[in-house]
Amino acid sequence: MSDIGLGSQTAKVRARERRDHWRPEKALQQAPVAIWPPRPVAALKFLFAYPGYLYPWNALYLGIAAITWFLLTPDLSRMETLKPSWMLLILARNAVILFLFVGAWHLRLYIQKSQGQDYKYHPRWPATGNQTFLFGNQVLDNMFWTFASAVPIWSAYEILTLWGEANGWLPYLSWHKHPIWFVLLMLAIPLFREIHFYLVHRIIHWPPLYRTVHKLHHKNVNVGPWSGLAMHPVEHVLYYSGVLIHWIIPSNPLHVIFHLQHLSFAPAQGHSGFERVVVREGIALKTDDYYHYLHHKYFECNYGSAGAIPTDILFGTFHDGSDECTERMNERFMARQKK
């Protein structure tokens, strides 16, 4: 994740591989955290410097969560009873925030086309007139599954968890009494998300579940921001289930909101379809999207995410984007087919 100067690299921006797909010049590398031998200076830089683990993306999601909790969420005392007034407020709030957040990605990259196809992996734009998708339109299909399934299921998890905390049924963590644990838990949520996502993702690639559930998401080979949450309802139930960790360990409503919003906002970043977003001439932000794009391209690799936990390396499913990794992946696939 980094800011870069574009000026001298313009020619490289347009360099594409076969079939006109674009790929970064450098292969993906694991974050310098859970590696051997240890690299403590590099690890600290990754965790706290810019760009890295906290900045810009996790800090952005935390900021949105704080605004949501303090300004856009009913008082916890109102949530002691399940009433449509506050439940519908949370549902509407989540729908509006998600529309604004994902819509901003889509507006800049796919409607305004502010940087054309610079740093775009796939040479085509989202599909239209394609009956693979609902309404024959990839973006409308993706938005349908996002708002008809993802937002209601996300909101249901949030409503039930806040209701449980309001009634004292779930372990509660106070910022005033336990500030250190409060901060550490906030920092750990994205790490927990990486592990949970990998495990759920491997489960839904089990052939019976893939054919009936996950195949819907994988219709999006040429991904865009709205593709991130375009999932089958069963997948949404599994995907958002990580928030149930707050039913077990002491947590604060802010942790719950951050966790669920991280689950909801990060997919737009991870499915942007661009390796970086040009902010202005000479400066761009990396999206960390290439890691997951390779999964949509090849299916048999990168089940995890481009974070600090090397799940794919540990389980032998890591693909760094190189031709050598593609060859090894194909060999694994062919060997499995022969069994």
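Computed from a predicted structure; not experimentally measured.

Some thoughts on the overall build of the protein chain
Then comes step 1: Across its full length, the protein chain carries 12 helices and three strands.
Then comes step 2: A compact globule built from 339 residues should have a C-alpha radius of gyration of about 20 Å, and the protein chain, at 20 Å, falls within 12% of that.
Then comes step 3: Expressed along its principal axes, the backbone C-alpha trace of the protein chain runs to roughly 60 × 50 × 50 Å.
Then comes step 4: A burial count over the protein chain gives 50% of its 339 residues as buried.
Then comes step 5: Within the protein chain, contacts between residues separated by at least 24 positions form 71% of all contacts whose residues are at least 6 apart in sequence.
Then comes step 6: For the protein chain, the accessible area works out to roughly 16,600 Å², and carbon and sulfur atoms hold 65% of it.

Thoughts on the packing of helix 4 (residues 84–111) against helix 5 (residues 138–166)
Then comes step 1: Interhelical geometry of helix 4 versus helix 5 gives an angle of 140° and a closest axis separation of 9 Å. In this view, helix 4 runs oblique relative to helix 5, as classed from their interaxial angle. The two elements helix 4 and helix 5 cross, and the hand of that crossing is right-handed. Residues Trp86, Met87, Ile90, Leu91, Arg93, Asn94, Ala95, Leu98, Phe99 and His106 of helix 4 form the contact with helix 5, whose participating residues are Val139, Met143, Thr146, Phe147, Val151, Pro152, Trp154, Ser155, Glu158, Ile159, Leu162 and Trp163.

Focus: the packing of aromatic side chains
Then comes step 1: In this structure the tally under the stated criterion is 26 aromatic pairs.
Then comes step 2: An angle of 25° between the planes, with centres 4.5 Å apart, marks the rings of Tyr121 and Tyr293 as stacked. On the criterion of sequence distance, the pair formed by Tyr121 in the loop between helix 4 and helix 5 and Tyr293 in helix 10 (residues 290–298) is long-range, its members being 172 residues apart. Grouping residues by exposure puts Tyr121 and Tyr293 together as buried.
Then comes step 3: With a centroid separation of 5.6 Å and 50° between ring planes, the pair formed by Phe147 and Trp226 is classed as tilted. Of this pair, Phe147 sits in helix 5 while Trp226 sits in the loop between helix 7 (207–218) and helix 8 (233–239), placing them 79 residues apart in sequence.
Then comes step 4: Exposure remark for Phe147: the relative accessible area of 25% places this residue in the partly exposed category.
Then comes step 5: In this structure, Lys113 is placed above the aromatic ring of Trp125, and the distance from its NZ or CZ to the ring centre is 4.3 Å.
Then comes step 6: In this structure, Lys120 packs its charged tip against the face of Trp125, placed 5.3 Å from the ring centre.

As for unusual backbone geometry
Then comes step 1: Of the consecutive residues Tyr50 and Pro51, the connecting peptide bond is found in the cis state with omega at -5°.
Then comes step 2: Tracing the chain through its elements places Pro51 in the loop between helix 2 (40–48) and helix 3 (57–71).
Then comes step 3: At the junction of Tyr55 and Pro56, the peptide bond is cis and its omega measures out at 5° in the coordinates.
Then comes step 4: On the secondary structure map, Pro56 appears in the loop between helix 2 and helix 3.
Then comes step 5: Positive phi, normally seen in glycine, also occurs at Asn302, with a value near 50°.
Then comes step 6: Residue Asn302 is classed as buried on the basis of its relative accessible area of 0%.

Re the state of the cysteines
Then comes step 1: One pass over the structure, following the stated rule, counts zero disulfides.
Then comes step 2: We note that Cys301 lacks a disulfide partner, and the nearest cysteine sulfur, in Cys325, lies 8.4 Å from it.
Then comes step 3: Judged by its relative accessible area of 5%, Cys325 falls in the buried class.

Each value, and the rule that gives it
- Residues numbered from 1 in each chain as written.
- Predicted model: local features only at pLDDT ≥ 70, side-chain atom pairs only at ≥ 80, totals over all residues.
- Heavy atoms only, no water.
- Helix = DSSP H or I, 4+ residues; strand = E, 2+ residues; numbered from the N terminus.
- Rg over C-alpha atoms; globule rule 2.2 N^0.38 Å.
- Buried < 20%, exposed > 50% of the residue type's maximum accessible area, 1.4 Å probe, protein only.
- Contact = heavy atoms within 4.5 Å.
- Areas by Shrake-Rupley, 256 points an atom, 1.4 Å probe, with all protein chains shown as cover.
- Axes fitted to C-alpha atoms, helices over the stretch in contact; angles between N-to-C directions.
- Parallel < 35°, antiparallel > 145°, perpendicular 65-115°, else oblique.
- Left-handed = near helix turned anticlockwise from the far one by under 90°.
- Phe/Tyr/Trp six-rings, centres within 6.5 Å; stacked < 30°, edge-to-face > 60°.
- Lys NZ or Arg CZ within 6 Å of the ring centre and 35° of its normal.
- Disulfide = S-S within 2.5 Å.

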